[in-house]
Amino acid sequence: MTANTKKIISKRYLKSRWKHFLSRNSNGVLLIEGVSVEELRKKYGTPLYVFVEEEVRKRLRDFKGAFDYSVFKPEYACKCNSNLEILRIAREEGFDFDASSVGEIILGLLADFEPWQISFTNLNKTQQDILFAASIGVKSITVDSLEEIDKAIEVASKLRRKIPLLIRVNPMIKEGKYSTQNQQYGIPYAYAKRAINKVISAEYLELKGFHFHGSYAHSPKAYILSAEKLVKLAQYCLGKGVEISVIDLGGGFPPEAPRQYKPGKYFTPQELADKFLPAFHKMIEQSGIRKPALVFEPGKYIVANAGIGLFEVISKKNLKKKEILVTNASCYSMFPDVLVSHVNYEILPANDMLSRRTNKYDIAGCTCDCLDVIAKNQMMPYINIGDMFALMDCGAYSYVMGSNFNNLKRPPMILIKQDGVVKMIRRRDRYSEMFAPELDVLKVADPEELKKFYNMSRVNLNTVWGKAKNGNGNGENGVAVSDK
Ligand SMILES: Cc1ncc(COP(=O)(O)O)c(C=O)c1O
């Protein structure tokens, strides 16, 4: 279902797209889990990321529940949103943890994942990284190249301890327009046996299994084709007397967002499981290998639809051929995927959901770069200064990829629970953190200087001028007051 752009956005449409967490009140103000966005603006200011806890939980459960397979071990791919509270929720829902750096391993540990629940997969591991991961006892380290196997051999022989490894393979598959044949990930299939021989002949390496990640795989078939290739490698190992115990097929599952994933490019975890599992069972049976644990590493499927960006209009530029609304958000600090992956997010007129959408606008960010356009040709009601927008489905690859371009602070994040309780899960950036990498090495400023300027810039006008206006987060509610 898509919204008729000229009409009011119906309650039915809101429910069909954002299940039961979005509604509106009789004044046309958007409600998230029953909490009005005006209330959120008053308390936290804008721009603001809002996360819906129940949506994250539901998607974790849906994904896990879809696969009726004896040893199914989904891992949350933390790179798409590494907020500690989101990680905690993923752990509570029974997910293991996919880390792509030592930093992410440490975040996983801080979120109380056990080392044996953490797998470490990326393209660049130093020996020190491998040593760290092996020493704390992670579940597995995924080697991405023949060179990385050499590094693992060296570290393992120094440690004199078995390191559990997955070999990441590029299965060189092609399925319609989707192809891994030009991807940089993993060891190309033609070299996979060489990699296996290297690993199984190394005294302190333990080959656990194979890994594949196909970014943006748009159909279950791609997972079946890659599994076939990995199972063949497992069969090769069996011939050498080595039984593998894990097949890990990475992430890449689409979130529910019709404007990003057109018909035919979207499939649910259940649709994937229904097609994938019978084919997987058959290939395992035919290969004669022991049934391995099956791992998937969903990222954006879990969190994309649970994230909403709230921001407001600060000026209107009426040009001859179009009208541009300049806002206090930015692609750079908040919605980088508009620029990186050309994501066409759906944007709702958050404080005017009852008016017909009669006007066409471009919606721009506030940085000094003309590429900073959040969305073009958006049908909206007549928009006034101060009106608020809710940019939907931005829970993945947003703040983790966002930058401080123009030295803007990235916005805070809040989490709304099903009962409407709101919790701050990340505060706004601080200048002290943003400038530290330079101030630490260039002793150009006395430590008190930044504090002085900061104190001047964060003066709470509501207090000074004695009138309560809509808060912009500065100095209110502990959002930004504690910079040093
Ligand atoms: C190894 C690995 N696993 C999982 C993911 C998560 O992918 P997605 O967010 O598309 O599900 C990624 C994303 O880059 C990845 O590189």
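Residues numbered from 1 in each chain as written. Predicted model: local features only at pLDDT ≥ 70, side-chain atom pairs only at ≥ 80, totals over all residues.

Caption draft 1: Local environment of the overall build of the chain. Each helix and strand counted, the chain has 15 helices and 23 strands in total. By its C-alpha atoms, the chain is 75 × 55 × 45 Å across when sized along the principal axes. Counted over contacts in the chain with a minimum sequence separation of 6, partners at least 24 positions apart contribute 69%. (Helix = DSSP H or I, 4+ residues; strand = E, 2+ residues; numbered from the N terminus. Contact = placed C-beta atoms within 7 Å.)

Caption draft 2: Structural context of the nonpolar core. Grouped together as the largest cluster of nonpolar side chains are 126 residues, with contacts concentrated most on Ile167 and Ala390. Element by element, the count of residues in this core is highest for helix 9 (residues 220–239), at ten residues. Of the domains in this structure, domain 1 (11–53 + 304–425) and domain 2 (68–295) are the two that each give at least three residues to this core. Those residues within four positions of Ile167 in sequence are excluded, and the remaining contacts are Val143, Ile187, Ala192, Ala195, Ile196, Val199, Phe210 and His211. (Core = buried A, V, L, I, M, F, W, Y, C linked by C-beta atoms within 7 Å. Buried ≥ 20, exposed ≤ 12 C-beta atoms within 10 Å, placed from the backbone. Domains from an automatic or database assignment.)

Caption draft 3: Spatial organisation of the pairing of strand 7 (residues 118–121). Judged by which residues are buried, strand 7 turns out to be covered on both faces: Ile118 and Phe120 on one side and Ser119 and Thr121 on the other are all buried. Where strand 6 (residues 96–99) lies against strand 7, three bridges are found, and the strand directions are parallel. Within the sheet, the bridge partner assigned to Phe97 lies in strand 7 and is Ile118. Handedness of the crossover joining strand 6 and strand 7 through helix 5 (residues 102–110): right-handed. The pairing of strand 7 with strand 8 (residues 140–143) spans three bridges and is parallel. When the sheet's bridge partners are listed, Phe120 is paired in strand 8 with Ile141. Regarding topology, helix 6 (residues 127–136) serves as the crossover connection from strand 7 to the parallel strand 8, and that connection is right-handed. (Pairing = 2+ DSSP bridges. Right-handed = clockwise from strand over helix to strand, strands pointing away.)

Caption draft 4: Spatial organisation of helix 9. Counted at 1.5 Å a residue, the expected span for helix 9 with its 20 residues is 28 Å, and the 29 Å between its end C-alpha atoms agrees. In the stretch just after helix 9, Gly241 is the one whose phi turns positive, near 85 degrees. (Expected span 1.5 Å × (residues − 1).)

Caption draft 5: Spatial organisation of the pairing of strand 17 (residues 323–327). Direction of pairing for strand 16 (residues 307–318) relative to strand 17: antiparallel, over a ladder of five bridges. In the strand pairing of strand 17, Val313 is matched with Thr327. Direction of pairing for strand 17 relative to strand 19 (residues 359–364): parallel, over a ladder of three bridges. Opposite Val326, over in strand 19, you have Ala364 as the bridge partner.

Caption draft 6: Region of interest: the environment of Leu146. Relative to the helices and strands, Leu146 is located in helix 7 (residues 146–159). Between the C-alpha atom of Leu146 and that of Ser315, which follows or precedes it by 169 residues, the distance is 55 Å. Look past the residues within four positions of Leu146 in its chain and what remains in contact with it is Ile187, Tyr191, Arg194, Ala195 and Lys198.

Caption draft 7: Region of the structure containing unusual backbone geometry. Note the cis peptide between Thr46 and Pro47, where omega equals -5 degrees. The residue Glu33 is not glycine, and still its phi comes out positive at about 50 degrees. Here Glu33 lies in the loop between strand 2 (30–32) and strand 3 (35–36). The phi torsion at Asn377 lies on the positive side, around 50 degrees, for a residue other than glycine.

Caption draft 8: Representation of the packing of helix 3 (residues 53–66) against helix 4 (residues 84–92). Across the interface, helix 3 lies against helix 4 with an axial gap of 10 Å and an inter-helix angle of 40 degrees. Our classification of the angle between helix 3 and helix 4 gives oblique. Helix 3 and helix 4 meet at a crossing whose hand is right-handed. Residue-level inspection shows Glu53, Val56, Arg57 and Leu60 of helix 3 in contact with helix 4, the latter providing Ile86, Ile89 and Ala90. When its residues are assigned to classes, the contact of helix 3 with helix 4 shows five nonpolar, no polar and two charged. (Axes fitted to C-alpha atoms, helices over the stretch in contact; angles between N-to-C directions. Parallel < 35°, antiparallel > 145°, perpendicular 65-115°, else oblique. Left-handed = near helix turned anticlockwise from the far one by under 90°. Nonpolar A, V, L, I, M, F, W, Y, C, P; charged D, E, K, R; others polar.)

Caption draft 9: Structural view of helix 5. Burial in helix 5 covers these residues: Glu104, Ile105 and Gly108. Burial along helix 5 is one-sided: seen end-on, the buried residues are contained in an arc of 105 degrees. Opposite its buried face, helix 5 presents the exposed residues Gly103 and Leu110, each directed more than 90 degrees away. Next to the buried residues of helix 5 lie helix 4, strand 6, strand 7 and helix 6. (Arc of directions from axis to C-beta.)

Caption draft 10: Looking closely at the environment of Val343. Its location among the elements puts Val343 in the loop between helix 12 (337–340) and strand 18 (347–349). Spatially, the C-alpha atom of Val343 lies 32 Å from that of Ile141, the residues being 202 residues apart in sequence.

Caption draft 11: Structural context of the environment of Ile8. Considering the arrangement of structural elements, one finds Ile8 in the segment before helix 1 (11–18). Ile8 sits in the partly exposed class, given 18 other C-beta atoms within 10 Å. It is 14 Å that separates the C-alpha atoms of Ile8 and Asn25, two residues lying 17 residues apart in sequence. Those residues in contact with Ile8, other than ones at most four positions away along the chain, are Leu354, Ser355 and Arg356.

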